[in-house]
Amino acid sequence: MDTVTRPRILVVGAGFAGVECVRRLERRLSPNEAEITLVTPFSYQLYLPLLPHVAAGVLTPQSIALSLRRSSKYRTRIIPGGAIGVDLKAKVCVVRTITDRIVNEPYDYIVLAPGSITRTFDIPGLTDHAFGMKTLAEAAYVRDHVISQLDLADASQDPAERASRLQFVVVGGGYAGTETAACLQRLTHAAVKRYTRLDPALIKWHLIDIAPKLMPELGEKLGRDAQEILTRRGIEISLGVSIAKAAPEEVTFTDGRVVPTRTLIWTAGVVASPLIATLGAETVKGRLAVTAEMCLPDHDGVFALGDSAAVPDLAKGQEGAVCPPTAQHAMRQGRHVAENLIATLRNQPMRPYVHKDLGLVVDLGGTDAVSKPLGVELTGLPAQAVARGYHWSALRTGVAKARVAANWALNAVAGDDFVRTGFQARKPAKLKDFEYTDAYLTPEQVRERVAEADRATT
């Protein structure tokens, strides 16, 4: 087949869904069957569930950044940037490169896997003063920030300043928030032994969530066990509570309490990427409405999956049920979409996506964990073995597995050095600075840009 006539497959996003799709396409398609292009700001896949371990210094950032170029069958063209709009009618994706150049990328088939962003609310001061835990840069920055609070508190002569620097607030009682609070609390608990001028009793961690239960997906018993573990460590848990407003040196809870703090970590859920809003297509709670085959209705050659797509959950057998935005669904959906796309290219029938949840794992650091593999409830060391075993096996490359295993072993034996890297020192690094949510176009702007480009070429 002539190179010019090869179908152009464009994959948007290098998360679990996008990378699994690309890998399957590379393995199953011969080079002359299709041209594969991937749009992503970074040429790595981030293993998101282990971000709290990076923030706590248990793992190095490189350990969970899995290079896309290590595959022996790698032949995908990578556009370093982010998709900021899609014109479904013209079959053009608008991309902003990492140098802020805007380009139009035409396609024949598109796989939309842009993932999600941190969900925020209209809370005064939230985006100006809160940290997130969604990117590798945020995890590394939060670690630096937490250690710097210990350094500054140790040097301060002002009791009020010390108190505010040694209180930490995490909002979000889901997996991300619970694991972040648990891992960082262990970091400060170990670190304070090296700060002889600091009273360990001054260090206080608050975990709050508007929901009535911690991680309700775990069930009554495991959720209660997790809460007891964190409470025993000294983490103050407040449920049915959220943030009323945030300021540089204090946070006000919705129950009226004012907590002096310089550290507010926001992990209260995610929403679909703003890219979905540029399509002008039907959505379900912000996620793109797709068929069980993960196709966009009435648009040939458009597939969507992962956190940004409301994929019907046929395994539940309930009308209207959609797959949760979890890594295990995203990985399996990626492979399934690749097979359906290949079937389309070869004029074969597509298959609906069906996958039963394998269970849940929550790593609370050290020997503490709660897990529910295949419905079996575990706590303590058995749960920790399952949690880390699952994460280790899910890492895509042998190099990543070796790095993570070595980091875990070294941290268990030698502990942490509590070193600040100094990256991004003295520069703004809050929620609004990491996820670039203001970079996307409106549907009208996308169509206008594509039409303008067409006029320029005729």
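Residues numbered from 1 in each chain as written. Predicted model: local features only at pLDDT ≥ 70, side-chain atom pairs only at ≥ 80, totals over all residues. Heavy atoms only, no water.

Explain the side chain of His53 to me, using residue names and the numbers behind them.
Relative to the elements of secondary structure, His53 occurs in helix H2 (residues 51–55). Accessibility expressed as a relative area gives 2% for His53, which makes it buried. (Helix = DSSP H or I, 4+ residues; strand = E, 2+ residues; numbered from the N terminus. Buried < 20%, exposed > 50% of the residue type's maximum accessible area, 1.4 Å probe, protein only.)

Residues and numbers for the packing of helix H9 (residues 380–394) against helix H10 (residues 398–414), please.
Two numbers describe how H9 lies on H10: the axes approach to 9 Å, and their chain directions differ by 150°. Here H10 runs roughly antiparallel to H9, going by the angle between their axes. Considering the relative orientation of H9 and H10, their crossing is right-handed. On H10, the residues that touch Arg388, His391, Trp392 and Ser393 of H9 are Lys401, Ala405 and Trp408. Tallied by class, residues from the contact of H9 with H10 come to three nonpolar, two polar and two charged. (Axes fitted to C-alpha atoms, helices over the stretch in contact; angles between N-to-C directions. Parallel < 35°, antiparallel > 145°, perpendicular 65-115°, else oblique. Left-handed = near helix turned anticlockwise from the far one by under 90°. Contact = heavy atoms within 4.5 Å. Nonpolar A, V, L, I, M, F, W, Y, C, P; charged D, E, K, R; others polar.)

Outline the nonpolar core, supporting the account with residue identities and numerical values.
Core analysis: the largest hydrophobic core is formed by 113 residues, its most contacted members being Leu25, Ile64, Val86, Ile110 and Leu112. The element best represented in this core is helix H4 (residues 136–155), accounting for eight residues. Once residues lying within four places of it in the same chain are set aside, the contact partners of Leu112 are Val12, Val86, Leu275, Leu279, Leu288, Val302, Phe303, Ala304 and Leu305. Grouped together as the second largest cluster of nonpolar side chains are 16 residues, Ala130, Val171, Ile208 and Ile243 included. (Core = buried A, V, L, I, M, F, W, Y, C linked by side-chain atoms within 4.5 Å.)

Let's hear about the sheet that holds strand E21 (residues 309–310): which residues, and what values?
Ordered in space as E18-E19-E21, the three strands form an open sheet in which the pairing is mixed. Edge positions in the sheet fall to strand E18 (283–284) and E21, since each of these pairs with one other strand and no more. Summarising the sheet, E18 and strand E19 (residues 287–289) pair through two bridges and their orientation is antiparallel. Pairing of Val284 across the sheet is with Arg287, part of E19. (Pairing = 2+ DSSP bridges.)

Tell me about the pairing of strand E1 (residues 8–12), residues and numbers included.
Taken across its five residues, E1 has four buried, putting it largely inside the fold. Note: E1 against strand E2 (residues 35–40), five bridges, orientation parallel. Bridging from a neighbouring strand, Val12 pairs with Val39 of E2. For the crossover from E1 across helix H1 (residues 16–28) to E2, the handedness is right-handed. (Right-handed = clockwise from strand over helix to strand, strands pointing away.)

Please provide a residue-by-residue account of unusual backbone geometry, values included.
The backbone of Asp100 shows a phi angle near 70°, a positive value even though the residue is not glycine. Within the fold, Asp100 resides in the loop between strand E6 (92–97) and strand E7 (102–106). Classification of Asp100 as exposed rests on a relative accessible area of 56%. Positive phi, close to 60°, is recorded for Asn347, a residue that is not glycine. Inspection of the secondary structure assignment puts Asn347 in the loop between helix H8 (327–345) and strand E22 (359–363).

Summarise the pattern of salt bridges; cite the residues concerned and give the values.
Taken as a whole, this structure holds 20 salt bridges when the rule is applied. When the shortest N-O distance is used, the salt bridge between Arg233 and Asp368 registers 3.0 Å. With Arg233 in helix H7 (residues 220–233) and Asp368 in the loop between E22 and strand E23 (369–373), this pair connects stretches of sequence that are 135 residues apart. Residue classification places Arg233 among the buried residues on the basis of a relative accessible area of 18%. (Salt bridge = Lys/Arg side-chain N within 4 Å of Asp/Glu carboxyl O.)

Would you mind going over the environment of Ala90 in detail, with residue names and values included?
Within the fold, Ala90 resides in the loop between strand E5 (77–87) and E6. A C-alpha to C-alpha distance of 10.0 Å links Ala90 and Asp108, two positions 18 residues apart in sequence.

Help me get a handle on helix H6 (residues 175–191), residues and values and all.
Between the first and last C-alpha of H6 there are 24 Å, a value that for 17 residues agrees with the 24 Å anticipated at 1.5 Å per step. Counting buried positions over the 17 residues of H6 gives 12, a clear majority of the element. Listing the buried residues of H6 in full gives Gly177, Thr178, Glu179, Thr180, Ala181, Ala182, Cys183, Leu184, Gln185, Leu187, Thr188 and Ala191. (Expected span 1.5 Å × (residues − 1).)

Lay out empty space enclosed by the protein with the relevant residues and their values.
Within this structure, the stated rule accounts for one cavity of 30 Å³ or more. Considered as a void within the structure, the largest cavity measures approximately 100 Å³ in volume. The dominant element in the lining of the largest cavity, judged by the number of residues it contributes, is H1, at four residues. Along the lines of polarity and charge, the residues of the lining of the largest cavity split into six nonpolar, two polar and three charged. (1 Å grid on protein atoms, 1.4 Å probe; cavity = no way out; pocket = protein on both sides within 12 Å on 5 of 7 lines; lining within 4 Å. Points joined across faces, edges and corners; volume = space filled by probe spheres on them.)

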